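Fold and geometry: a report
Single-letter residue listing:
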Amino acid sequence: MLSTTASALLNPVIAAIPAPTISEIPFWPRPIQLYALCLITGAVAAFILGSRRWKNRGGHEGAIIDVGIIAVVFGIIGARLYHVFSSPDAYFGPGFDGTGDPLKILYIWNGGLGIWGAIALGAVGAWIACRIHGIRFSAFADVVAPGLLLAQAIGRLGNYFNQELFGGPTEAPWGLTVDPDHPNFPAEFPADTLFHPTFLYEMVWSLVGVALLLLLDRRFALRRGMMVWLYVAWYTLGRTWIEMLRIDDAQLITFFGIEQRLNVWTSLAMFLLAIGFLVYLWVTRPRTPEARTSADAIYVPGRERGPEGAEITSDTDTATDTSIESETTDQPRRG
C-alpha cells in the first residue's frame, strides 16, 4: 500500500482561495471598511513612489501631494459616477423603473468605483492643479503612472474583502470561495461553486505592469506622455480579457452585432487610442540634445522651482534687480 504522504501527493487537494472572514474593523463611531483601507493604502503607496520619481526628475517633493490630493478627490467622484452609469440597476432599478435606491450612490464604502471615471476626472483635477503650480501636465502624468498602477493593484484587494467582482465558475486550483449567504453570491450556482478571482488576476497583472513600466522608463527615459500612454495600453490589454470573465451586473452594449460589457468596449477603445499615441510620440521623439533637454523639463518655462519648492528667479531678473539696487545706492543723499 502507498503511504499516506504518497497518496496525498498523487491525489492533491484543490487549494481554493477561502472566503474572507471579515470585511471591516470595529471602530468608533463606525467600523473601518477593509475595502476603504485597501484604497487608502494604495493611494499612499502611489504617493510614495510618485514622490521618489518626481524628486529624481528634479522636482520638489511637495508637488506630488499638492497636485495629487486634488486629482484624488476628482478621481473618486469620477470613479463613482462611472460605476453608477455602468451599473445603474441598484440605484435606479432595472430599466430605470424607480425601484432602486439613489441614496446608495453616496455609500462609496460598500464598493463600486469605475477606473475609467477615476482616470478621466482625476486627469482633469491633475491638469487644473498643474496649471496652478506651473507644472507640465505630461511630465506629472509620466511620473505618477507607475504609482497609479500600483494603487490599482493594492485597491483590488478590497474587492476580495467585499466578495465582489469575481468571475464565472472554475475548477482551477486557485478558484475563489464566496460565502453562499453573501448578497453577491449568484443564486443560480450551487453553494460550493468556486469562481475565477478576477480581482486577483488584475492585481497580479498590475504589479507586473509596474515592474515593466519602471524598467522601460529606466531604459528609454519615456517622456512627453509616453509613460502614461504605455500605462493605459498595458492596463487595458489585461482589463479586456479579465472583464470578459466577470459575471457581476454591468451595462451591456452591442457593437457590430457583438454584445459585451461597457468596460470591455471602453478598454478596447482606450487600448487602440494608447497605441496610436505611443506610435506618434515615438515617431516625433526629440532627436537633438537640446530637444531632449526641453522634453525633460517638468515645469512650465518661467515657473521653474528649486528642490525646496521656491520659484527660481532668472539671471536676467537678478541682474536687473542688482542694477536697480546699485543705482539706488549710488544716488547722492539729499537732506
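Of regular secondary structure, the protein chain possesses 11 helices and six strands. Looking at the 335 residues of the protein chain, the share that counts as buried comes to 39%. Taken as a whole, the protein chain presents about 19400 Å² of accessible surface, with 66% of it coming from carbon and sulfur.

To continue, consider the environment of alanine 191. Topologically, alanine 191 is positioned in the loop between strand S3 (176-177) and strand S4 (194-195). Sequence-wise, alanine 191 and proline 180 are 11 residues apart; in three dimensions their C-alpha atoms are separated by 5.3 Å. Contact partners of alanine 191, with chain neighbours within four places excluded, come to Pro180 and Phe185.

Take the environment of serine 267 next. Among the structural elements, serine 267 can be located in helix H9 (residues 262-283). For serine 267, a relative accessible area of 0% puts it in the buried group. Distance in space between the C-alpha atoms of serine 267 and tyrosine 235 is 8.4 Å, their sequence separation being 32 residues. The contacts of serine 267, once residues within four sequence positions are left out, are Trp116, Thr236, Arg239 and Thr240.

With that settled, consider the packing of helix H8 (residues 226-243) against H9. Taken N-terminus to C-terminus, the directions of H8 and H9 make an angle of 150°; their axes are 8 Å apart at the nearest point. As far as their axial angle goes, H9 and H8 are roughly antiparallel. Here H8 and H9 pass one another in a crossing that is left-handed. Of the residues belonging to the contact of H8 with H9, the class tally is 17 nonpolar, four polar and two charged.

Turning our attention to unusual backbone geometry. Of note, the amide linkage connecting tryptophan 28 to proline 29 takes the cis form, showing an omega dihedral of 10°. One non-glycine residue with positive phi stands out, namely phenylalanine 256, at about 55°. In this structure, phenylalanine 256 sits in the loop between strand S5 (252-255) and strand S6 (258-261). Assessed through its relative accessible area of 81%, phenylalanine 256 is described here as exposed.

This part is about the packing of helix H7 (residues 198-220) against H8. Their axes nearest at 10 Å, the elements H7 and H8 cross at an angle of 155°. On the basis of their axis angle, the class for H7 and H8 is roughly antiparallel. When you trace H7 past H8, the crossing you get is right-handed. When H7 is examined against H8, the residues Thr198, Tyr201, Glu202, Trp205, Ser206, Val208, Gly209, Leu212, Leu213, Leu216 and Asp217 are found in contact with a partner set consisting of Met227, Leu230, Tyr231, Trp234, Tyr235, Leu237, Gly238, Arg239, Trp241 and Ile242.

With 85% of its residues at a pLDDT of at least 70, the protein chain reaches an overall mean of 83. Counting interchain partners and residues more than four positions distant, the pLDDT-below-50 stretch residues 1-13 has two contacts. The low-confidence segment residues 314-335, where pLDDT is below 50, has one contact with residues more than four positions distant or belonging to other chains.

Quick look at the packing of aromatic side chains now. Tallied over the full model, the rule gives 14 aromatic pairs. Between phenylalanine 255 and phenylalanine 256, the aromatic rings sit 6.3 Å apart at their centres with planes inclined by 45°, giving tilted as the arrangement. Given the relative accessible area of 40%, phenylalanine 255 is considered partly exposed. Here the aromatic cluster, defined as three or more aromatic residues joined through ring pairs, consists of Phe166, Phe185, Phe189 and Phe195. Geometry around phenylalanine 220 places arginine 219 over its ring, the cationic atom sitting 4.8 Å from the centre.

Definitions and limits used
Counting from 1, residues in each chain are numbered in the order their sequence is written. For a predicted model such as this one, the threshold for reporting local features is a pLDDT of at least 70, and the threshold for listing and counting side-chain atom pairs is 80 or more; totals across whole chains, interfaces and linings nevertheless cover every residue. To get the side-chain values, take all heavy atoms of the structure and skip hydrogens and water. Segments assigned H or I by DSSP are reported as helices when at least four residues long, segments assigned E as strands when at least two residues long, and all are numbered from the N terminus. Each residue is placed in one exposure class: buried if its accessible area under a 1.4 Å probe, protein chains only, is under 20% of its type's maximum, exposed if it is over 50%, and partly exposed if it falls in between. Only the protein chains shown count as cover for residues, and all accessible areas are computed by the Shrake-Rupley method using a 1.4 Å probe. We call two residues contacting when some pair of their heavy atoms lies within 4.5 Å. For every element, the axis is a line fit to its C-alpha atoms; helices are fit only across the contacting stretch, and the angle between N-to-C directions ranges from 0 to 180 degrees. An angle counts as roughly parallel when it lies under 35 degrees, as roughly antiparallel when it exceeds 145, as roughly perpendicular when it falls between 65 and 115, and as oblique in every other case. Left-handed describes a crossing whose near helix is turned anticlockwise from the far helix through less than a right angle; right-handed describes the clockwise counterpart. Gly is put with the polar residues, along with every residue not named as nonpolar or charged; the nonpolar set is Ala, Val, Leu, Ile, Met, Phe, Trp, Tyr, Cys and Pro, and the charged set is Asp, Glu, Lys and Arg. Residue-level confidence of the predictor, termed pLDDT, takes values from 0 up to 100. What counts as a ring pair is set by centres within 6.5 Å for rings of Phe, Tyr and Trp (its six-membered ring), and what kind of pair is set by the plane angle: stacked under 30 degrees, edge-to-face over 60, tilted for all other angles. We call a charge positioned over a ring when the NZ of a Lys or the CZ of an Arg lies within 6 Å of the ring centre and within 35 degrees of the ring normal.

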